[in-house]
Structures are given as C-alpha cells and as structure tokens.
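Here are the chains, one letter per residue:
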Amino acid sequence: MLDKWESYRPDIYFLIEATGEFIVYLDSENDVDWETDSYTEGSKADATRFNAALNRAAVLEATPCTGLSFEMRRHFKRLVGEGIARALEHEHELAQGVLNSAEAYVRARSQELSRFWYLSASFVAAAPFALLGLLFWLAPAATSAVVGKPGYLLVLSAVSGVLGALLSVIARTGAQTFDTSSSKSTHYLEAISRIFAGGISGVIVTVAVQAGLVLGGFVKNPYDPHVILLVALAAGSSERLATSIMENISENKLRKPNGD
C-alpha cells in the first residue's frame, strides 16, 4: 500500500486498489469504501459517466444478499469496488462492464440460494406425509382397522396429492424465477402452502371421482387404492385440476334450477 493511505490501514479488510490518486477497499463489515483527493472530472460527459457508475455501484451494493455466505458477499462487493476503481481511472465502459458482472454474480447466487430454500422447505413439509403414506401402504389391514376404510383411502389420497405437489415443485424449479429479496420465511411459507394445497387437491379430486362427478366412465372401481393414488397424484401435481372440478360442479348446480 502507498504511504499516502497508511492512515486507512485499520479500516481495510480487503484492499482492492490503491494508487497515488485514490484508494478502494472493503472494510471490516464487507462494505465498499473509497477515497480520492486528486480526481478531476474532465468534460461534462466524463462527469456524467462517472456519476452514473457511482450511482449504479451504490444501488448494487444495496442489493439484499444477507442469506449469502461471507465469501460470496465479499466476491460481489469486490466486483463493485473494481467497478468504482475503473470509474476513478476514467475507464467508464470498463467500469460498467465490471458492474454488469457484479449484478450477474449476485443474481445467480441469490437464485441458487432461493431455489435451495424453496426445495428444502418442500421436502421437509412432504417428508411426514411420505412416511405416513408408506406406513399405510405397507400395513393396510392394521391402519384400516384404526381409521376405517374411508379414512384409509382419504389418507392415501392426501399423501399422494402431497407427493404430486412435490413432484410438481421439483419439475418446475428449473423454470421458476427465484429471488432472495423475499425473506427465507416467505420462501418456506410458499413451499409449505404448495405442499398442503397438493394434499387438499388430492382429497377433493378423489372424493369427486368416488362420487362419480368426474371420470365416471373411465374408472371401474373408484375405491381401488391404486386408482386413488394415480388420481390424487395427478391432482396434487396440477394446481388447476381441483379448482376446475369445483368450478364445474358449481356451474352444474347453478344450471339445474334453470332446466339447463
């Protein structure tokens, strides 16, 4: 480090660049700090591009990334600091390129973390249902004696719906957009809600099939556990299936008084 900036040594956690004109570094809190005492803006266009780089760096540094590891945050802030250093050297196009890289980096890491939160919460929420379903499937006689045949079938339909929802979460994860600007608890709440909605959908569609309201001409034995597993699995994996069935039932009830 140049002797000129020796007084800054106690505040520096990671030095990005130090010249005779400026210093850019990360402090102990992983924030980007910089100082210059001889910077000249030059032309009006140069000043505009310099301020644009500083403004963008400030916006990027405010990006929510508390869920990221310390090393990831340091890499991100280091890129932001490199962008500021390039702007201080009047290399404004290069500065914007480095800031673009910083933005892409933090977005990618945030999406990875957000995806992990969502998937892990989905697996945790589905795990008790999967264990319960395994118990009911391996010991049908014992479990039926406890909850009765209707209860046994409803439990199977709920578990199958949950597994269908989990399958849907896994299949759609690659196509979904994730963002850690929503808190970890929000990710968990959304994932758990999706799993429970799958279980409820499985029960609704199973009851509809058993009542002959849907698939009446295709299902010979609506009380066959294998049929229930397949129907409830499809219902849990489709967010619209149970809703569509309920809407159709409501529409049919509304039409009957009118003679339609």
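*Asks:* Help me understand the pattern of salt bridges in this model?
*Replies:* Oppositely charged side chains may form a pair once their charged atoms are brought near each other. Across all of its chains, the model carries 10 salt bridges by this definition. Where E103 meets R56, a salt bridge forms, and the shortest distance between an N and an O atom there is 2.6 Å. Highlighted residues: E103 in helix α3 (residues 92-138) and R56 in helix α1 (residues 44-61), separated in sequence by 47 residues. Notably, a salt bridge pairs E103 with R107, separated by 3.1 Å at the nearest N-O pair. A residue pair is termed a helical-turn pair when its members lie 3 or 4 positions apart in one helix, as E103 and R107 do in helix α3 at four residues. Note on R107: relative accessible area 41%, which makes it partly exposed. When salt bridges with common partners are traced through the structure, they connect E17, E82, R86, E89 and E91 into a single cluster.

*Asks:* I'm lost on the side chain of R109 in this one. Help?
*Replies:* In this structure, R109 sits in helix α3. Here R109 is in contact with L68 and M72, once residues within four sequence places are set aside.

*Asks:* When you look at the packing of aromatic side chains in this model, what are you seeing that I'm missing?
*Replies:* One pass over the full model with this rule turns up four aromatic pairs. Centroid distance Y13 to F70: 5.7 Å. Interplanar angle 85 degrees. Geometry classified as edge-to-face. Here F70 lies in helix α2 (residues 70-88) and Y13 lies in the segment before β1 (14-18), a separation of 57 residues in the sequence. By relative accessible area, F70 is classed as partly exposed at 32%. Taken together, a centroid distance of 6.5 Å and an interplanar angle of 90 degrees make the contact between W34 and F50 edge-to-face.

*Asks:* Got a minute to help me understand the pairing of strand β2 (residues 22-26) in this structure?
*Replies:* Where a strand is regular, its side chains alternate between the two sheet faces. Counting buried positions over the five residues of β2 gives five, a clear majority of the element. Here β2 shows a buried face lined by F22, V24 and L26 and a second buried face lined by I23 and Y25. Summarising the sheet, β1 and β2 pair through four bridges and their orientation is antiparallel. For L15, the partnering residue across the bridge sits in β2 and is Y25. The hairpin formed by β1 and β2 contains three residues between the paired strands. Sheet topology places β2 next to strand β3 (residues 32-36); five bridges connect them, and they run antiparallel.

About the thresholds
- Residues numbered from 1 in each chain as written.
- Predicted model: local features only at pLDDT ≥ 70, side-chain atom pairs only at ≥ 80, totals over all residues.
- Heavy atoms only, no water.
- Salt bridge = Lys/Arg side-chain N within 4 Å of Asp/Glu carboxyl O.
- Helix = DSSP H or I, 4+ residues; strand = E, 2+ residues; numbered from the N terminus.
- Buried < 20%, exposed > 50% of the residue type's maximum accessible area, 1.4 Å probe, protein only.
- Contact = heavy atoms within 4.5 Å.
- Phe/Tyr/Trp six-rings, centres within 6.5 Å; stacked < 30°, edge-to-face > 60°.
- Pairing = 2+ DSSP bridges.

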